[in-house]
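Examining the three-dimensional arrangement
So the chains spell out like this:
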Amino acid sequence: VCSTGRRRRRRRDIVIMCGRVNARVSLEDVQKLFSAVKEDKDEEEKEEKDVKIVTWVNEGAHAQLRNCAPSETVATLVAEDEVWTTRFGLIPSYKKSTYDRKRDHYVAFNCRSETILERQMFNRCTEANAKDKGRGRAVVLIRGFYEWKKDKMGKQPYYVSRKDGELLCVCAVMDTYKGDDFCDGGGEILRTTSLLTRDSKGTRLSWLHDRMPVMLKKEAVKTWLTDNTKRIASFLKDDETTTHQGGGGVIEKGEDLQWYPVTPEMGKIEFQGDACVKEVVAVAKKNTQDIKSMFAKVVAKQSAEKLSQVKIDNAFAETARVDKEDEPAKKKLKL
């Protein structure tokens, strides 16, 4: 049984943000991102970039959802040349309790990059070569993500994506769950992932939320997947003193991102389709009117109740007055 202190620590390390992503990603999209070519004007030769995707394992299992919540599938880069379809929301391989899809994937669908090496659930998944071990560092490829802006009027969802339309490369950790309750005694295994988050202070997304996904520039993907585990803390810090391969500046800070408000219907998991990423007018003013209307109805109801009570009181008073006036006549009648 977890102690109270342990529960509190879990709440600090697992941040409720970036719980909805646009996971509509195809193999062609991935090839376009990592196998882009540029021509040499002098020699008219084509030079390929470092990472080249050659295969996508179980691509058919990917649901391609525009409103992807924990427990749904995401495209996950586990090596320089291989993508796997995994479930959004990490389930550790040592889990003993019965698998519950509605519950288990929501426990750890993201984690703080600052404390990733301090928790067993995530620390054991920070090694390289995830493809060979079934556990380790990975990169989740998404088209964008959704975040809710909270204010006095309520919550307004925003969709965040790249200005150039390219995929976002989000740092992640992956693990493999092999519980008998899921695998039916040796059937399909369950690959799961958790997205890393960081402090958004000093970035263009700080106005939206105090946390944001750790997004890599595509040139740094190879380093994240293969670098020594001891260098991970330095890699994620990513400041001017960073000494990892390629130097600083490998983490996206929002300069190439765009965002706009989308429909509040995004809060419903079953809401899917093109409408998920369609820009709408922010509903703050509408909410204000709704609130005013709500209070007006309450005031009107209270006024009606008071008026009704006054009418009842007046009716009782009138009845009492009439009875009092008739009382002498009744006494004479008795005599």
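For the structure, check the block above.
This text gives an overview of the structure that appears in the document.

Here we take up the overall build of the protein. Scanning the protein for helices and strands turns up nine helices and 15 strands. Counting every position in the protein, which comprises 335 residues, the buried fraction comes to 41%. Long-range contacts, defined as pairs at least 24 residues apart, comprise 67% of the intrachain contacts of the protein with a sequence gap of at least 6. Approximately 19,300 Å² of the protein is accessible, and the part contributed by carbon and sulfur atoms is 50%.

All right, on to unusual backbone geometry then. Even without being glycine, Gln64 reaches a positive phi, approximately 60°. Relative to the helices and strands, Gln64 resides in the loop between β4 (55-57) and β5 (73-79). Of the residues examined, Gln64 reaches a relative accessible area of 21% and is grouped as partly exposed. Phi is positive for Asn129, close to 60°, though the residue is something other than glycine. Relative to the assigned elements, Asn129 resides in the loop between α4 (120-123) and α5 (130-133).

By the secondary structure assignment, Thr126 is in the loop between α4 and α5. For Thr126, a relative accessible area of 2% corresponds to the buried category. Within polar-contact distance, the side chain of Thr126 engages the backbone oxygen of Asn123 at 2.7 Å. Other than its neighbours up to four places away in sequence, Thr126 contacts Ile116, Leu117, Arg137, Val173, Thr229 and Ile232.

Bringing helix α2 (residues 27-34) into the picture now. What α2 keeps buried is the set Val30, Leu33 and Phe34. Along the long axis of α2, the arc covered by the buried residues comes to 80°, so they all point the same way. Pointing more than 90 degrees away from the buried face of α2 are the exposed residues Glu28 and Lys32. The inward-facing, buried residues of α2 abut β4, β5, β6 (82-88), β8 (136-142), β11 (168-177) and α7 (221-226).

The next point concerns the environment of Gly273. Among the secondary structure elements, Gly273 is positioned in the loop between β15 (257-261) and α9 (284-334). Expressed as a C-alpha distance, the spacing of Gly273 and Arg66, which sit 207 residues apart in the sequence, is 6.4 Å.

Now for the sheet that holds strand β10 (residues 154-162). If you walk across this open sheet you meet the four strands as β1-β9-β10-β15, and the pairing is antiparallel. Taken across any chain shown, the strands that pair with only one partner, and hence form the sheet edges, are β1 (20-22) and β15. Going across the sheet, the axis of each strand differs from the next one's by a mean of 35°, ignoring polarity.

In total, this model carries seven aromatic pairs according to the counting rule given. Taking the centre distance of 5.2 Å and the plane angle of 90° together, the rings of Tyr158 and Trp207 count as edge-to-face. Of the two residues, Tyr158 sits in strand β10 while Trp207 sits in the loop between β12 (190-199) and β13 (211-213), which places them 49 residues apart along the sequence. In this structure Tyr158 comes out as buried when scored by relative accessible area, which is 14%. Through a chain of ring-to-ring contacts, three or more aromatic side chains come together here, namely Phe88, Tyr106 and Phe109. One residue, Arg137, lies across the ring of Trp224, its end atom 5.5 Å from the ring centre.

Counting buried positions along β5 yields seven of seven residues, so the element is predominantly enclosed. Of the pairings in the sheet, the one linking β5 to β6 comprises six bridges and is antiparallel in character. Looking across to β6, one finds that Ala75 is bridged to Thr85. Hairpin geometry of β5 and β6 is characterised by an intervening segment of two residues between the two adjacent antiparallel strands. Relative to β8, β5 runs antiparallel, the two being bridged by three bridges. Directly across from Leu77, in β8, lies its bridge partner Val139.

This part covers the side chain of Arg137. Along the chain, the position of Arg137 falls in strand β8. Here Arg137 sits buried without a salt bridge, and the closest side chain of opposite charge, Asp227, lies 6.1 Å off (N-O distance). For Arg137, the side chain forms a polar contact with the main-chain oxygen of Thr126, separated by 2.4 Å.

The subject of this paragraph is the nonpolar core. Counting 33 residues, the largest nonpolar core has Val139, Leu196, Leu216 and Trp224 as the members making the most contacts within it. Of all elements in the fold, only α2, β5, α4, β8, β11, α7 and α8 (232-237) reach the threshold of two or more residues within this core. Not counting chain neighbours up to four residues away, the residues in contact with Leu196 comprise Cys111, Ser113, Ile116, Val170, Cys171, Ala172, Val173, Met212, Pro213, Val214, Trp224 and Leu236.

Rules and cut-offs
- Residues numbered from 1 in each chain as written.
- Predicted model: local features only at pLDDT ≥ 70, side-chain atom pairs only at ≥ 80, totals over all residues.
- Heavy atoms only, no water.
- Helix = DSSP H or I, 4+ residues; strand = E, 2+ residues; numbered from the N terminus.
- Buried < 20%, exposed > 50% of the residue type's maximum accessible area, 1.4 Å probe, protein only.
- Contact = heavy atoms within 4.5 Å.
- Areas by Shrake-Rupley, 256 points an atom, 1.4 Å probe, with all protein chains shown as cover.
- Polar contact = N/O pair within 3.5 Å; in protein donor to acceptor, adjacent residues only side chain to side chain.
- Arc of directions from axis to C-beta.
- Pairing = 2+ DSSP bridges.
- Axes fitted to C-alpha atoms, helices over the stretch in contact; angles between N-to-C directions.
- Phe/Tyr/Trp six-rings, centres within 6.5 Å; stacked < 30°, edge-to-face > 60°.
- Lys NZ or Arg CZ within 6 Å of the ring centre and 35° of its normal.
- Lys, Arg positive; Asp, Glu negative; His and termini not counted.
- Salt bridge = Lys/Arg side-chain N within 4 Å of Asp/Glu carboxyl O.
- Core = buried A, V, L, I, M, F, W, Y, C linked by side-chain atoms within 4.5 Å.

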